[in-house]
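Survey of secondary and tertiary structure
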Amino acid sequence: SNSVDCIFAPSRMHVWLNQTTITYIVFPVKAKATIHLSSIFENHENASDMISKKQIDITGLTATETLLNSKYKLQLLASSHYFDRDDDRGGDEEGYYYGPNALFKSVNEVHRFLYERASHILQIEADNIVDRFLPNDEDIRFEEDDILEVNFHSLLFATQGLDLAIPSRSSYVDVGKHKRCNSDNGVRLKRCDPKLDPRALGDDIKMECPRRHGTISVRFLGPEDDPDKLDPEAKDDAKLLQRLDGLTDLEKDNGIILDVDKRPLKESDHAELWMGGSSPEESEAVCVRLGKESLKPPRVSCTTRIVPQQRFVGISKPDESRPNLIVILIDPLSRQQMQRSLPNTHALLNMLGFTEFEQYTAVGNNSGPNQAALYSGMPITGRDGIRTSSSHKAGRKWIWDRLNDEGYVTMKAEDGCIANSNMVQSIQPETHHGGQMHEMFCFDYDRPNCLGSQLAAEHLIQYTRQFIATYNRKDGEQSIYHRPWAAFLSFIDSHEDTLTLASYVDDLLVDFIQDVPIQNTLFLFTSDHGLHYGSTFQSTAAKIERANPLLHIRLPSFGKGDIFRAQSKLFVTPFDVHETILDVVLGSRLSESIGEDPHGISLMSSLPPNRLKCNTTLSIPSDFCHLFELKTDSCEFMTDAPSIFSYYSDIPRQNRPTWPDKCPTRRDHKFRAFQDDQSHCLCATNEREWFPCANITREEFREGVNFSVENFSMRSCRNHDLDRSLEFDIHVKENELVSANSSTRSKATAKEMSDVYGDTEVRSSFQAQPNIIFLEIDSVSLSFSERHFPRTWGLLNQHKILTPNGGRTETKCPTGWCAATFNKTSVVGQNSIVNQLAALSGCMDQPWDSEDMIHYSRDGKDTYCPKSGPFNYDEYNFDGDDDVSHFHWIFAVARKLGYVTFFGEEFCYEDSPYVVQGQSVFDLDVDLSLEKIFCHLARIELMFEGLLNSERLFGVEYDTKNIPDACFDGKSRGDIGLELISQMWDAYSARPKFAFLNALAAHDYSLDAAHMPLGAEKYDKAVAGFLTKIMDSNEEKETFIFLRSDHGLQGGPFPIEYSTQIEHMHPWTAIITPSEHHTIDLAAFSSNQHRLITGFDIYHTLRYLMSPRIANNDERKDFGVLFNEGIPPWSFNIFRDSISTTRNCIDAKIPIDFCPCTSERIDLNPNFYVGHSEKKLTHPELEYDLNSTKFRAKRSFGVSKSTVHERPSIHYKDTSSTLDCKSNLSIEAYIDKTVLDLIGEISMSYKTLGKNKQINLHPLQSVLLTHIVQQEAFTKKSKNFRVCQTGFDSGEASALFLLASMNVQVVVFDSFSEPIQSASFLAIQQVFGMDRLMRVVGDSCKTLLKFEKRCDFLHRSISSGCQSDSINLIKMSAAGTTLTSAATESLSNNDTYFGPNSQWGTLFKLNCISHMKCFHEGYKDNLTSNELSSNSSHYFCIALNTGVCSEVNWSTRWPGIWKRREFCPDWRIPYNPTLTFSPEFEDRNNSTK
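In this report, the structure presented in the accompanying data block is examined. The structure presented is a predicted model; accordingly, all values stated were derived computationally and were not measured.

About the thresholds
Residues numbered from 1 in each chain as written. Predicted model: local features only at pLDDT ≥ 70, side-chain atom pairs only at ≥ 80, totals over all residues. Heavy atoms only, no water. Core = buried A, V, L, I, M, F, W, Y, C linked by side-chain atoms within 4.5 Å. Buried < 20%, exposed > 50% of the residue type's maximum accessible area, 1.4 Å probe, protein only. Contact = heavy atoms within 4.5 Å. 1 Å grid on protein atoms, 1.4 Å probe; cavity = no way out; pocket = protein on both sides within 12 Å on 5 of 7 lines; lining within 4 Å. Points joined across faces, edges and corners; volume = space filled by probe spheres on them. Nonpolar A, V, L, I, M, F, W, Y, C, P; charged D, E, K, R; others polar. Helix = DSSP H or I, 4+ residues; strand = E, 2+ residues; numbered from the N terminus. Polar contact = N/O pair within 3.5 Å; in protein donor to acceptor, adjacent residues only side chain to side chain. Disulfide = S-S within 2.5 Å. Axes fitted to C-alpha atoms, helices over the stretch in contact; angles between N-to-C directions. Parallel < 35°, antiparallel > 145°, perpendicular 65-115°, else oblique. Pairing = 2+ DSSP bridges.

Counting 146 residues, the largest nonpolar core has Ile328 and Phe525 as its most contacted members. Beyond its immediate stretch of four places on either side in the chain, Phe525 contacts Ile328, Ile330, Met338, Leu342, Thr345, Leu349, Leu509, Ile513, Leu550, Leu551 and His552. Membership of the second largest hydrophobic core comes to 121 residues, among which are Leu77, Ile166, Ala995 and Ile1072.

Here it is in structure tokens:
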């Protein structure tokens, strides 16, 4: 049998999975419901019993069971019928809902889905039959075969991974939770326009793991549960003892505690238990499931632990000096995508001193070859593993096998359930821990990648924490389990093509990375490759990203950081990383074990020159290197990505929601007014505002209308929301004045042309210009039009241009009309204004560097237009005094050429910021418009609601839940403009006409993807009918129709979808022309359908079409200098110019972030809004959480934002005391020890790698400088006392100054070139606040001289890289300011104090400083030590600024309060420096004074 259940029989599936990796499977399921018609009528009085005798046959359940047992996830891909969310959930938020991508977790769930759907359809059909037959004939007889049959079909999508059936971010986030969607802003139909941040969304829209799982919890019984160790008198212990006494047999037998709804487990709960080991004692993971057979989704809880390896007990330990190893691998993620999806992690790694390898390159297309290179150092060719691969010989091992041999304890785990893949089959890791995690992650799954109430990534991180805590060597602790460890973590959250889930682990990683003991650990944060499939992979940029994974490495504290960082700009491969791991961790190379040259080179060695280029680096496939150089001559558009809207548009229209075909109409137009209140009736026309008009009928009102100037009239007696009273008529008649003015302008044009062609020729051969309808449907992409405008597409296909094909030798249009659809139209900006400006004026809202543009400015609006034609632009005043719109603005051009003009927007655009004429320098002067209609409607709406003076007219919406279309007396909003244009064509038949209408039918910001396009689908019928009417009535075929959109959807919640972002760049454009019109070159017109065009080309074509022609002119003379000014020189006439196939975005003046040409883009990956690609992403700011002593993200996605705790309370010591030389000196006597310990913990956490550049102040100097700062700050009372410090070190000196007195403020001048310094700075700043600790980043040699604020105390740290800091500090401070510098081993042999060419020596020689006192101390390198040691000596000095060399104009009020003190006599040393200077130094410093 070929049935789906036979094809997916378990025996067949087992064979397939053993032979190959099947990534995706799509299969059909079906439910057929039948019932005899007599049964329906027997029970028709009770709806619930009407179909009780139905029979339902279901197909696909065996296939479902087989795939679920094979660990595939099943999702809904397509359905034959639409069902509303309320039909599924029944008010239960976490009940079953079967929309697109719905997840099926059991056979029963699929059965329920099919059964209920078929029953629902059968019920509807039964109701229809009863309604049709019962009223007509109560005595109905049926034959035996009178059977009602209905069928419900669906396609299910099966995958082992995280990919969705229809890639859609809306399945992984909930935009409806965004604050813009929850605020009460007058929106009636649950609409919102979130305008999301391009990189980090915040937690407004994150999807949480299902809350139902949080009602159960399971954990292992541990030592803390030993009753003998619990105190019955303690409340918590007593409660636990009671719980332990009530353990069920299931809990006792398996060593667990399971709580359900905050109560102990009951036998009736029917818990399904899974344990990871062969026995409870060996189990490191346990999961429980409740309610598997319930009508509600089941509840799941899992937990982990580490069972220490007993085999290590009694075995000699490996070399204690060997570092630990941790490898975090994100599968897959490109370096560029990391900055989009893991921005906070990226910022943290940089802050913690990790080295990023920018040219790290993959060596294969997918995980197999890349992970084999990383973990074995050798290529792999087989699916069955390294030991059977032909490329691996004896002695070659996986890295964890080597580490096992060397005495390491190892762990490898992945946060997903992939049971059948090349990687799982080939790697087969044999590590001490982690093997049980795979089965745990296969136990259950919910979105977004959840196992129970936690993300899978949280479980993996917690397990790794447990592993590290068990085996990590801790200072001062001894344990039989402590030994070097190696952990290999793989996160597959990014292995889905919406590129959304990776963001969920960002904050988890930020937190976890800071928990890893990195001082003695080699830490690798990497990926195997970038995303290698999906919609994004069509672009060159995505293919490049596939080859450019991320690699960040931090060496143990003893690593050779300088050598290591030198390699970061070179091409590096996973083979090199493997060699580096062996080198650093084991002190060996791969070549030593396999006896031949390896494929990689350790990064601890200098890489050869061939690593400067990709194509000379061995092991990198040439295809990858070719991508970096790939340039194409043609513009290739991205194929549109799968869209969530396609799920609904694929359902037959009769099986899904639609809007009513017609708006309700007032039945009695003779009605005078509501009887209870006739005084509220108001009337209006385009010439008259609302005025009282009670007690007259519609006909009586119309009798008073002047039809020649009043083209519409309306009357309302109450709020028109439900169309209960509004009476609205359109009546466009010829206005003779409009026609006369049109004729006058046309004659003036002919007169001007006579100067070019001669009077006789113009008078005898001037041809009438064609009519033009420019119908713009806002926010419709080409794909959206194909989904939702079938009638209009049918009309276009009916009149499409036939090109040479299959024996046809000529291009022709047999119907008399030529319809061209353009499949390579591009936007030139994000919104309507920019794109309309291009199409209606040929101008831009900002200059284009390579073009000669004229800048118009008026009322704060700037417009940039091309200089073209012979006109001398320099003669005009472009600040608004002269009217130059007729050079550019299409409406002004049309009027000048004698056109009768119409402009329509389907809302009141008065004061609106969303219309082109309001956001450019051009005024709108047309003969007819829609503005008055919609402004009247907006005013009457607000008037009856009492909001007329408080709400903006352009924001008024007219639809309601009952009537979703905006209806006005039988006319929908979309009908009004079309009807007015149609009447205009009849009224002004003798004059050329230009009409522009911007329709809003698709401009819907609804949260519901099923209902959002319904307005567009209804408008499709109106557009098709309108176009047909125009074409049928235009016998002379002198009307050209431009059917266009300005852009794809760019508002509302759905721009988070990648499909929307791609479609946004590709708006719908079609043109219908008379086939025989003399303006058309049919061959060029036809070929341009497949060329890159923009609104600029539309504008050029309109200008050409409007311009008068000279009849019988074979040479087709130019149309004259009057008519080509302002036409963009980069644009083309679509009707006659053959646009090149090599035209690109630069040629067409398309900004790169909206360029649809894949070869020109370096970023075409998903963002969270349109137009956010191609933006340079900077590191986000992190903030320090003093409670956890960790950095947290300020903005995060996927995990709640961190809570930064209040700053610690600082106790400031009494500043009036003097130094007590007799007591043991301790810094604790002067500052708050608690906070000092916190600072010490922070600074120790952020020491740099390699050379220890972070020098602490020594104990004596710490005490002395703290005391001096306290005394001087005290004299300033409440005013800020500013310490200017060059060089930050690790921040201890800054912290001491800040702890000395509450009014001390520290400004640090440093390049902060060591990323770790920023970490320490931000952490300490969190303690004291941004107002007390500030920094000036840059070369302090330069930045200090630009600092314009007062410095009250001066300190130069030893880490300062500037050799003139002390001199500059004196220059920028006043007389009497104290100068200090860090201690050194000698005063006479360094560049700080008094060595050759030294800074203090220069200052002393030039009399810039005085009252110099120098000190000596023996020390321990410990801030809190009160012991002095004689075995090591350091020296430091303090001095006062004399003011001789000062360059500031202020003075110090407390000059050197310490200069009269001798301090403790044992500290002081007499010192008279002997200064030596080179001649060059003397010359350079002669001007210092």
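Now for empty space enclosed by the protein. In the structure shown here, the tally under the stated rule is 13 cavities of 30 Å³ or more. In this model, the largest cavity occupies a volume close to 120 Å³. Lining the largest cavity are 16 residues, with Gln1061, Met1065, Arg1161, Gly1171 and Ser1173 sitting closest to its centre. Across the lining of the largest cavity, the residue classes tally to 7 nonpolar, 7 polar and 2 charged.

This part covers the environment of Lys1149. Looking at where Lys1149 falls in the secondary structure, it is placed in the loop between α37 (1145–1148) and β37 (1182–1185). The contact partners of Lys1149, leaving out residues within four places of it in the chain, are Val828, Met844, Trp848, Ser850, Glu851, Phe1096 and Trp1130. Within the structure, the side chain of Lys1149 is placed 3.4 Å from the backbone oxygen of Asp1147, a separation counted as a polar contact.

All right, on to the state of the cysteines then. A full pass over the atoms with the stated rule returns 15 disulfides. The disulfide partner of Cys663 is Cys967, and the gap between their sulfur atoms is 2.0 Å. With the S-S dihedral at roughly -65°, the linkage between Cys663 and Cys967 falls on the left-handed side. Of the two residues, Cys663 is situated in the loop between α23 (644–649) and β22 (682–685) and Cys967 in strand β32 (residues 967–968); the sequence distance between them amounts to 304 residues. By the burial criterion, Cys663 is buried, and Cys967 matches it.

Bringing the packing of helix α11 (residues 343–351) against helix α17 (residues 506–513) into the picture now. Contact geometry for α11 and α17: axes closest at 7 Å, N-to-C directions at 25°. Here α11 is positioned roughly parallel relative to α17, judged by the angle of their axes. Facing α11, whose interface residues are Pro343, Asn344, Thr345, Leu348 and Leu349, α17 presents Asp506, Asp507, Leu509, Val510 and Ile513. Residues that form the contact of α11 with α17 fall into these classes: 6 nonpolar, 2 polar and 2 charged.

Bringing the sheet that holds strand β13 (residues 355–356) into the picture now. As summarised here, the arrangement of the 6 strands in space is β13-β20-β19-β12-β18-β15, forming an open sheet in which the pairing is mixed. For this open sheet the edge positions go to β13 and β15 (409–414), each flanked by a neighbour on one side alone. Pairing of strand β12 (residues 324–330) with strand β18 (residues 485–491), which is carried by 6 bridges, proceeds in the parallel orientation. Counted as the bridge partner of Val327 is Phe488 from β18. Its contacts with the sheet place helix α12 (residues 367–376) against β12, β15, β18 and β19 (521–527), and it is angled at close to 175° to β12.

Once that is clear, we can look at the pairing of β18. Among the 7 residues of β18, 7 are classified as buried, and the element is accordingly described as predominantly covered. On β18, burial covers both faces: Trp485, Ala487, Leu489 and Phe491 on one face and Ala486, Phe488 and Ser490 on the other are all buried. Alignment of β15 against β18, held across 6 bridges, turns out to be parallel. The residue of β18 that forms the bridge with Val409 is Trp485.

In this section: the sheet that holds strand β3 (residues 73–79). Spatially, the 5 strands line up as an open sheet ordered β2-β1-β5-β3-β4, and their pairing is antiparallel. At either end of the open sheet lies a strand with only one pairing partner, and these are β2 (55–59) and β4 (103–104). Helix-sheet contacts for helix α6 (residues 107–133) involve β1 (24–36), β2, β3, β4 and β5 (147–159), and the interaxial angle to β5 is about 150°.

In this section: the environment of Glu116. With respect to the secondary-structure elements, Glu116 resides in helix α6. Note on Glu116: relative accessible area 38%, which makes it partly exposed. Considering only alpha carbons, one finds Glu116 and Ala31, 85 residues apart in sequence, at a separation of 9.3 Å.

On the secondary structure map, Asn324 appears in strand β12. Polar side-chain contacts of Asn324 include one of 3.3 Å to the side chain of Asn472. Engagement of the side chain of Asn324 in a polar contact is seen with the backbone nitrogen of Trp485, the distance being 3.2 Å. With residues near it in sequence (within four places) discarded, Asn324 still touches Tyr408, Asn472, Arg473, Arg483, Pro484, Trp485, Asn520, Thr521 and Leu522.

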